[in-house]
Amino acid sequence: MKKIVIVGGGTGGTVVANVLARKRISDTAIIVVNDSSNHVYQPAFIYRALGEIIDESKIMREERKLLDKKVELLIDRALKIDVQNRQVWLESGKQLEYDYLIISTGSRIVPEEVPGYRAAHHFYTLEGARILHETLERFNGGVVAVGIGGIPYKCPPAPAEFCCLLDYYFTKRKIRDKVEIHYLSPLPRTFPHEAVAESIREMMEEKEIHWHPMFNIESIDSERRVVNSLEGESLKYDLLVMVPPHRGAEVVERSELGVDGGWIPVDKHTLQYRDYSEVYAIGDATNLPISKAGSVAHFEAKVVAERIYSDTIGHKPEAVYDGRVTCFCDAGFKKAIYMSFNYENPPKKPRFSYLWYLGKQMVNRFYWSLILRGIV
Amino acid sequence: MSSGEHKVSKIVDARGSHCPGPLMELIKAIKNAQVGEVISVYSTDSGSKTDIPLWVNKAGHELIGVYERDGYTEFIVKKAR
Ligand SMILES: Cc1cc2nc3c(=O)[nH]c(=O)nc-3n(C[C@H](O)[C@H](O)[C@H](O)COP(=O)(O)OP(=O)(O)OC[C@H]3O[C@@H](n4cnc5c(N)ncnc54)[C@H](O)[C@@H]3O)c2cc1C
């Protein structure tokens, strides 16, 4: 019996397992190792922070119920991956051998890398979002600064989106005139790509969101309530929201599979790890210079499932990842933009519309069924 | 690899990156580098030609050179502080 082992059962791991299960590869076991029995929909953290979602059971499901019955799920933590001997060591003491390995362990946040980090809030975990919501509810006016504490981070539009949604939140609370919203952009623009940056800048100007170019957070002085940038500037705040720095999963670092912060170097098209053609990495775990986004994990998962399937039936794997990314940015007031691009084709200037707001709602809704099952 | 008398210690191949984009990749590399290290960034993004020099200047690093290569631009940057 051959074994396909998938370490990490988040977005990428769940899609790849379900697509492979549907291929019905004979005499092959598909095993997912995930360190939690729950699967959480991370894009909803922003809405939890803003109080649009309070009931957390709506953004969480049991991983077992999301996986095809033919997939074996082990709730366990991978401690070490030995690619030379094709083995994965688990916390329970179990040891798994594999014929194919997919590493989809995502990323983890490391706010402690920024001096003074305790003074900042974030929405990058459910707990962080919950605390930020309580703080926002008590906030009655002053300067709110939203910035970035380290690169790379998940979902590049998230901080700009959060600023627009804060405008919506304070407007609904009828205290918008008492709040100054400041967006600390790490770049000379509001967004990495010029065409998209223009749309976001226009939206921010319309909403009177002050944006500061080239402000990468370096440290926080909690006593004086001042945030300092790598580029030598400072801003005084009353409430600070910082996207924390991210690193690859601990198991990747411990197994010495990652570079520059635990990101796994893979071929940008085949997603194979170095010379190990049976080892793949997908999603946030890789060091590819593309967005760390659920859509990327989803598209890459489908490519890897196709490649492994081809190999098992004796065909040369030909499926390749073209760098496709899709994402939405919600601006509040039922308006959003949508972007789609790949390695070859940059995004076009998007327009904020109700249609894309509905698009984002559809993705939120169909995440659990169509996306995780790998049907779309 | 070497560029003039500067020895490049790291190459950041950000060709095809639109988001987060080559400048974000450079900032990440600079954060991880030691003072004095030289980093080379490959970019196919049209915005890099204004972005990278602007950021390098503001952040107090040194732009050693910008070279047009075959289908991409190479930026060589030294971490100065
Ligand atoms: C606030 C926020 C907003 C976002 N908005 C969007 C959006 O609008 N659109 C979008 O496309 N993306 C968005 N994202 C990003 C998206 O959620 C991630 O990019 C996506 O989940 C990555 O999928 P993944 O499979 O690589 O990792 P994950 O989904 O994070 O899964 C990793 C899994 O591996 C498990 N794991 C880690 N280490 C081990 C171990 N040692 N052993 C066993 N299991 C392990 C983890 O528990 C987890 O279940 C957002 C993220 C956040 C935080």
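Residues numbered from 1 in each chain as written. Chains lettered and ligands numbered in written order. Predicted model: local features only at pLDDT ≥ 70, side-chain atom pairs only at ≥ 80, totals over all residues. Heavy atoms only, no water.

Q: Explain the overall build of chain A to me, please; I cannot follow it from the model alone.
A: If you tally the helices and strands in chain A, you get nine helices and 22 strands. Here chain A has a C-alpha radius of gyration of 21 Å; the compact-globule value for 376 residues is 21 Å, and the two agree. Within the span of chain A, comprising 376 residues, buried residues form 60% of the whole. By sequence separation, contacts in chain A at least 24 residues apart represent 65% of the contacts at least 6 residues apart. Of the accessible surface of chain A, which amounts to about 15,900 Å², a share of 48% is contributed by carbon and sulfur atoms. Here chain A carries 49 positive and 50 negative side-chain charges, and the mean point of each set is 6 Å from the other. (Helix = DSSP H or I, 4+ residues; strand = E, 2+ residues; numbered from the N terminus. Rg over C-alpha atoms; globule rule 2.2 N^0.38 Å. Buried < 20%, exposed > 50% of the residue type's maximum accessible area, 1.4 Å probe, protein only. Contact = heavy atoms within 4.5 Å. Areas by Shrake-Rupley, 256 points an atom, 1.4 Å probe, with all protein chains shown as cover. Lys, Arg positive; Asp, Glu negative; His and termini not counted. Charge placed at Lys NZ, Arg CZ, Asp CG, Glu CD.)

Q: In this structure, what is going on with the site of the ligand? I would like to understand it.
A: Residue and element names in this part refer to chain A. G12, N34, D35, D284 and G294 are the nearest of the 30 residues found near the ligand. Between an oxygen atom of the ligand and a side-chain N or O atom of Q42, the distance comes to 3.0 Å. At a separation of 2.9 Å, a nitrogen atom of the ligand approaches a polar backbone atom of A78. Protein coverage of the free-state accessible area of the ligand, which is 1,000 Å², stands at 89%. Elements represented by at least two residues in the shell around the ligand include exactly helix 1 (11-22), strand 2 (28-34) and helix 8 (294-312). Considered class by class, the residues forming the shell around the ligand number ten nonpolar, 13 polar and seven charged. Taken together, domain 1 (2-106 + 249-324) and domain 2 (123-245) each give at least three residues to the shell around the ligand, which thus spans both. (Near = heavy atom within 4 Å. Polar contact = N/O pair within 3.5 Å; in protein donor to acceptor, adjacent residues only side chain to side chain. Nonpolar A, V, L, I, M, F, W, Y, C, P; charged D, E, K, R; others polar. Domains from an automatic or database assignment.)

Q: What exactly am I supposed to notice about the pairing of strand 3 (residues 38-43) of chain B here?
A: Within a regular beta strand, the side chains point alternately toward one face of the sheet and then the other, so they alternate between its two faces. Residues and elements named next belong to chain B. Across the six residues of strand 3, six count as buried, placing the element largely inside the fold. Covered by surrounding structure in strand 3 are V38, S40 and Y42 together with I39, V41 and S43, the residues of both alternating faces. Two strands pair when backbone bridges link them, and strand 2 (residues 6-13) and strand 3 are joined in this way by five bridges, in the parallel orientation. Counted as the bridge partner of D13 is Y42 from strand 3. (Pairing = 2+ DSSP bridges.)

Q: I'm lost on the pairing of strand 9 (residues 100-103) of chain A in this one. Help?
A: Residues and elements named next belong to chain A. Residues Y100 and I102 line one face of strand 9 and the alternating positions L101 and I103 line the opposite face, and both faces are buried. Judged from the four bridges that link them, strand 1 (residues 2-7) and strand 9 form a sheet pairing that is parallel. Across the sheet, residue V5 finds its bridge partner in strand 9, namely L101. Bridging between strand 9 and strand 20 (residues 276-281) involves three bridges; their strand directions are parallel. Note on strand 20: the bridge partner recorded for I103 is A281.

Q: It is not clear to me how the side chain of H298(A) should be interpreted in this structure. Could you clarify?
A: Among the structural elements, H298(A) can be located in helix 8. A distance of 2.8 Å separates a polar side-chain atom of H298(A) from the backbone oxygen of V376(A).

Q: Can you walk me through the packing of aromatic side chains in this structure?
A: In this description, an aromatic ring pair is defined by two values, namely the gap between the centres and the angle between the planes. Enumeration over the complete set of coordinates arrives at 15 aromatic pairs over all chains. Their ring planes at 20° and their centres at 5.7 Å tell us that Y273(A) and Y276(A) sit as a pair that is stacked. A relative accessible area of 5% means that Y273(A) is categorised as buried. The rings of Y41(A), Y367(A) and W368(A) are connected pair by pair, giving a single aromatic cluster. Between K268(A) and the ring centre of Y343(A), over which it is positioned, the NZ or CZ distance is 4.6 Å. Taking the ring centre of Y72(B) as reference, the NZ or CZ of R15(B) above it sits at 4.5 Å. (Phe/Tyr/Trp six-rings, centres within 6.5 Å; stacked < 30°, edge-to-face > 60°. Lys NZ or Arg CZ within 6 Å of the ring centre and 35° of its normal.)

Just distances and angles here, no functional claims.
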